[in-house]
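# Understanding the architecture of this molecule
This is what each chain is made of:
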Amino acid sequence: MNNWFQNLLRALVALIVSLQISSVVATNSNTSNIINGHQYNLNSLAAAEQIQLRGGWEWNSQHSQAESRFNDAVIEGTFEGTHLELVARLNKQLFDFSLNNAAPTRLAAPEGDKWANLQLAENLPAGKYHFMLHLANRIGKPFQAKAFNTDGSFIAANFKARQKLLGFGSSTLDFCGVTWGAGQELSYEVINRGIGGTTVNNDGQYRVARDVLPFAPNVVLINYGSNDWMGNVPLEQFKSAYTNMLNQLGQGLPQSGFVVLGLFPRKDGNETTRSQYNTAIRAAINAAGLANRVKYVEIGSDYNWVTDTSDGTHPSPAVVKAKFLPLLVPAIISMTR
């Protein structure tokens, strides 16, 4: 009996140890280990102008972390060393990372929704490197980051002030690359404030104070109303909501210019009513007294949702570049204040 009990006890201990080892491996499977590395807090680096946080990052002082509720957040800086890691909450987000202004590399964070180290660069020849990390897709959740790890140090830089372009709207400005593409062509700072699936009536007129005004953009690019149109929000109600939204923008940003992109065709959309909603948008611009501060733009008749979208609604990256940016970039320049 005693031998049987001892054998059972040994088996249980072995099982527990095995489970503990498996747990550690699972926990660390998406991280990388640094030899002789140092950790640098993002807030301290930003305060010392050794990195620049762009694109509407918000600082959570309670948890000592930078947060972005939207795509297109950027971290830029210069470091000396042979490797660089970001300490962040990782859950399949997509990033574009470049060194010394080379073409960016697409990085995919591991799945897991946990704090870990995202390997950005490793096995570099010892030297000085300028880097830019762009959050291309947050995968629907706020992105949180705390620190960088490297075996070297960060170098203070003389960051040049940039014009700020803020995209405000629904999914087209959320993740189709319209605002980012325009900002890249113009070398503007891009602040993404698009939220997929939202409407002017239920959302846009109520989030100006939080999502736009604090960032004091030089130009606001607006593409809002497609979901109101598809949801058959009554025209007068839509116009009133759009006017209220523009009134808040105009009064809260007295030095800013605005580019309004009209609604463009989409699958199952009624073309007659689309024209009516665009007429309501133009009427709202006049009602808000912003005619001299707004450039209204509509995509040309050569746009076809059948061939120009991936899903019947959202323009493909190639179409954004070929048909959207040639119209929007000159309009943004003309409204830059």
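Refer to the structure presented above.
Everything in this summary refers to the structure shown in the same document. (Residues numbered from 1 in each chain as written. Predicted model: local features only at pLDDT ≥ 70, side-chain atom pairs only at ≥ 80, totals over all residues. Heavy atoms only, no water.)

## Considering the pairing of strand β4 (residues 65-68)
This is how it is decided: Exposure classes here rest on a 1.4 Å probe applied to the protein chains alone. A residue is buried below 20% of its type maximum, exposed above 50%, and partly exposed in between. The way it works is that DSSP assigns letters per residue, a run of H or I at least four long becomes a helix, a run of E at least two long becomes a strand, and they are numbered from the N terminus. Any two strands with at least two DSSP-identified bridges between them are counted as paired.
Side-chain alternation along β4 places Gln65 and Glu67 on one buried face and Ala66 and Ser68 on a second face that is also buried. The pairing of strand β3 (residues 58-60) with β4 spans three bridges and is classified as antiparallel. Looking at β4, one finds that Glu58 is bridged to Glu67. Between the antiparallel neighbours β3 and β4 lie four residues, among them Ser64 with a positive phi of about 50°. One ladder, built from three bridges, connects β4 with strand β11 (residues 143-150); its direction is antiparallel. Looking across to β11, one finds that Ala66 is bridged to Ala145.

## Details of the sheet that holds strand β13 (residues 164-169)
The criterion, for reference: Here an angle of 0 to 180 degrees is reported between the N-to-C directions of two axes, which are lines fitted to C-alpha atoms, with helices fitted over the stretch in contact.
Spatial ordering of the open sheet is given by β14-β13-β15-β16-β17, a layout of five strands whose pairing is parallel. Only two strands of the sheet have a single partner each, and these edge strands are β14 (189-194) and β17 (294-297). On average, each strand axis in the sheet is inclined to that of its neighbour by 15°, with strand direction left out of account. Bridging between strand β15 (residues 219-223) and strand β16 (residues 257-261) involves four bridges; their strand directions are parallel.

## Thoughts on the pattern of salt bridges
Under the convention used in this document: A pairing counts as a salt bridge when a side-chain nitrogen of Lys or Arg comes within 4 Å of a carboxyl oxygen of Asp or Glu.
Scanning all chains against the criterion turns up 12 salt bridges. Among the ionic pairs, Arg69 bridges to Glu58, the shortest N-O distance being 3.1 Å. One end of the pair, Arg69, is in the loop between β4 and β5 (74-81); the other, Glu58, is in strand β3, with 11 residues separating them in the sequence. Looking at Glu58, the relative accessible area reads 25%, which means it is partly exposed. Between Asp308 and Lys323 there is a salt bridge whose closest N-O contact spans 2.7 Å. Highlighted residues: Asp308 in helix α9 (residues 305-308) and Lys323 in helix α10 (residues 317-335), separated in sequence by 15 residues. Exposure remark for Asp308: the relative accessible area of 6% places this residue in the buried category. Residue class for Lys323 comes out partly exposed when judged on its relative accessible area of 21%. One salt-bridge network, held together by shared partners, links Glu58, Arg69, Arg207 and Asp211.

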